[in-house]
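Coordinate inspection notes
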Amino acid sequence: MFYKMSPVRKICFTAIFTALGVIFTCLAKAVPMNVFPFLRFSPTPALVVFSSLFLGPLSGGFIGVFTDLIPAFIFPSGGDYNFYLSFIYFLLGFSPYFLYRGMKRFSFFKNQIWGFLFILIVLFAVQIGVFYGANALSPLGDMMSILAPIGLVITFIFDCGAFLFVYKKAQVKNEIHKNDNPILVIAWVSIISQVVLMDIGKSLAFFAYYSTIGNNGNPVLFSTYYLMQLIGSPINFLLMMFLTILFINVVDNMFFKKEI
């Protein structure tokens, strides 16, 4: 999963991925989400996670910071710049490298496809709870009665597709590498990156921002923002996982010497 390359080539890839990440983030910010103003669906987190696995933690952290920093000044949302959020994106680019290395040491993360299915079920149950068991989204009124079933159906379809995708990929990898199956490990890395960093981490970043330097917004409403994050979490996780595995498959066909 890790590749040896010259410093010049690594710098070139870092610059290319940073530019792509900035474009992806700007496009995501340009799409209005009037009902859920804090919700974003973007391929940028997948690109940042992939960069960490492909280029290493320092390059991944660099890409994470600047894919948040540059669009923040291109599309200012009002108030001061939220550097806490850039720190979360740094962690998103820095930590997957070490998560992957650590998880590969445990057979559970390489072989337990049913554990992965269990996590998908838990995330789906959490989304149901957010839609129907939380009062923080009640200000959205009748819009929730329309969006909730649509969101649940879309998530269920995505979950089924994700499980079948990972199951099939894992079977193919097991036939080739009996003791080395990176697909499930990438899926687990994506789960942790989404739930811990993109959901909890971003929520803490905005809470810190509104509690310290932010001159716009209301920290009391932060629970609503966090629940909005949870609404988009399953789809964002699936997007991260699909694209990260896709990127890995692309570079697997390139001529790099792998580090054993």
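Up top is the structure.
Between helix 3 (residues 57–74) and helix 4 (residues 83–103), the least distance of the axes is 7 Å, while the angle of their chain directions is 155°. As summarised for this structure, helix 3 and helix 4 are arranged roughly antiparallel, according to the angle between their axes. Where helix 3 crosses over helix 4, the handedness of that crossing is right-handed. Residues P57, L58, G60, G61, G64, V65, D68 and L69 of helix 3 pack against L85, S86, Y89, F90, G93, F94, Y97 and F98 of helix 4. Looking at side-chain class alone, the contact of helix 3 with helix 4 contains 10 nonpolar, five polar and one charged residues.

A few words now on helix 3. With 18 residues, helix 3 extends 26 Å from end C-alpha to end C-alpha; this agrees with the ideal 26 Å at 1.5 Å per step. Here helix 3 has its buried residues at P57, S59, G60, G61, I63, G64, T67, D68, P71 and A72. Looking at the buried side of helix 3, the elements it contacts are helix 1 (7–30), helix 2 (44–55) and helix 4.

Okay, the nonpolar core next. F17, F50, F54, L92, F116, F237 and M241 are the most contacted members of the largest nonpolar core, which totals 49 residues. Elements with a minimum of two residues in this core: helix 1, helix 2, helix 4, helix 6 (113–133), helix 7 (142–176), helix 8 (182–212) and helix 9 (222–252). With residues near it in sequence (within four places) discarded, F116 still touches A162, F163, V166, L184, A187, W188, I191, F237 and M241.

The rules behind the values
Residues numbered from 1 in each chain as written. Predicted model: local features only at pLDDT ≥ 70, side-chain atom pairs only at ≥ 80, totals over all residues. Heavy atoms only, no water. Axes fitted to C-alpha atoms, helices over the stretch in contact; angles between N-to-C directions. Helix = DSSP H or I, 4+ residues; strand = E, 2+ residues; numbered from the N terminus. Parallel < 35°, antiparallel > 145°, perpendicular 65-115°, else oblique. Left-handed = near helix turned anticlockwise from the far one by under 90°. Contact = heavy atoms within 4.5 Å. Nonpolar A, V, L, I, M, F, W, Y, C, P; charged D, E, K, R; others polar. Expected span 1.5 Å × (residues − 1). Buried < 20%, exposed > 50% of the residue type's maximum accessible area, 1.4 Å probe, protein only. Core = buried A, V, L, I, M, F, W, Y, C linked by side-chain atoms within 4.5 Å.

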